[in-house]
Amino acid sequence: MKVEVRYYSRSGNTKSVAEAIAAQAGVPAVSVDSADAQLRETADILFIGGALYAYGLDSHLKNYLKTLKKYDAKKAVVFSTSWLSKHSVDLIKKGLTDAGIPVETEFFYVKNTPSEEQLKDAAAFARKFL
Ligand SMILES: Cc1cc2nc3c(=O)[nH]c(=O)nc-3n(C[C@H](O)[C@H](O)[C@H](O)COP(=O)(O)O)c2cc1C
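Asker: Would you take a moment to explain helix H3 (residues 87–99) for this structure?
Answerer: The periodicity of an α-helix, 3.6 residues per turn, causes residues three or four places apart in sequence to face the same way. Helix length check: H3 (13 residues) gives 19 Å between terminal C-alpha atoms against 18 Å at 1.5 Å per residue, within 8%. Listed in full, the buried residues belonging to H3 are Ser88, Val89, Leu91, Ile92, Lys93, Gly95 and Leu96.

In structure tokens form, the structure reads like this:
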């Protein structure tokens, strides 16, 4: 099974979740602004996450979502962090849907900085799809 993990994180909160998911999947967590971010083969599962900033997504993630094509992933699973609002989840899901990528209804969300316990929950969440 080909699993990919992509994220964008300004201060590390979403990055921690991405890394917990990636470690569970045995793949690297790749920031969407890295040179390796482009998906080269169709992923069976794309875990993709980002945070909410001023009720929107960071432009790096927004632009990355716009580059995605239907054949990039058979299915996407979303994760996010924010102070309060889960609107980021909806925005990421919309970007994926607009690209034609089916999105898992369930998502993983943490308020602010994930605790060790929450990072274990993130890994357990990922395991369900692997
Ligand atoms: C400039 C700025 C704007 C933010 N706007 C929102 C917001 O509108 N709603 C919200 O719930 N959280 C907001 N947050 C909180 C971040 O989404 C939260 O700290 C998140 O965990 C940051 O993730 P990151 O470290 O992966 O970048 C904002 C944070 C910053 C720095």
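Asker: For this particular structure, what's the right way to read the nonpolar core?
Answerer: Looking at soluble globular proteins, one finds that nonpolar side chains tend to be buried together. Membership of the largest hydrophobic core comes to 38 residues, with the highest contact counts inside it found for Ile21, Phe47 and Ala76. Those elements that place two or more of their residues in this core are strand S1 (3–7), helix H1 (13–25), strand S3 (45–51), helix H2 (59–67), strand S4 (76–82), H3, strand S5 (108–111) and helix H4 (116–127). Tallying contributions element by element places H1 first for this core, with 6 residues. Setting aside its immediate chain neighbours within four residues, Ala76 contacts Leu46, Ile48, Leu96, Ile101, Val103 and Glu104.

Asker: Help me understand the environment of Glu116 in this model?
Answerer: Tracing the backbone shows Glu116 in helix H4. Taking the C-alpha atoms as reference points, Glu116 and Ala20, separated by 96 residues in sequence, lie 9.9 Å from one another.

Asker: Looking at this structure, I do not really get the pairing of S4. What am I missing?
Answerer: Residues in a regular strand project their side chains so that they alternate between the two faces of the sheet. Burial of S4 is extensive: 7 of the 7 residues sit out of reach of the surface. The two faces of S4 match: Ala76, Val78, Ser80 and Ser82 on one face and Val77, Phe79 and Thr81 on the other face are all buried. Sheet topology places S3 next to S4; 6 bridges connect them, and they run parallel. When the sheet's bridge partners are listed, Ile48 is paired in S4 with Val78. In this fold, the crossover linking S3 to S4 by way of H2 has right-handed handedness.

Asker: Sorry if this is basic, but what is going on with the pairing of S3 here?
Answerer: With respect to burial, S3 is a largely interior element, 7 of its 7 residues being buried. The alternating pattern of S3 places Ile45, Phe47, Gly49 and Ala51 and Leu46, Ile48 and Gly50 on opposite faces, both of which are buried. Relative to S3, S1 is paired through 5 bridges, and the arrangement is parallel. Bridge pairing links Glu4 to Leu46 in S3.

Scoring rules and cut-offs
- Residues numbered from 1 in each chain as written.
- Predicted model: local features only at pLDDT ≥ 70, side-chain atom pairs only at ≥ 80, totals over all residues.
- Helix = DSSP H or I, 4+ residues; strand = E, 2+ residues; numbered from the N terminus.
- Expected span 1.5 Å × (residues − 1).
- Buried ≥ 20, exposed ≤ 12 C-beta atoms within 10 Å, placed from the backbone.
- Core = buried A, V, L, I, M, F, W, Y, C linked by C-beta atoms within 7 Å.
- Contact = placed C-beta atoms within 7 Å.
- Pairing = 2+ DSSP bridges.
- Right-handed = clockwise from strand over helix to strand, strands pointing away.

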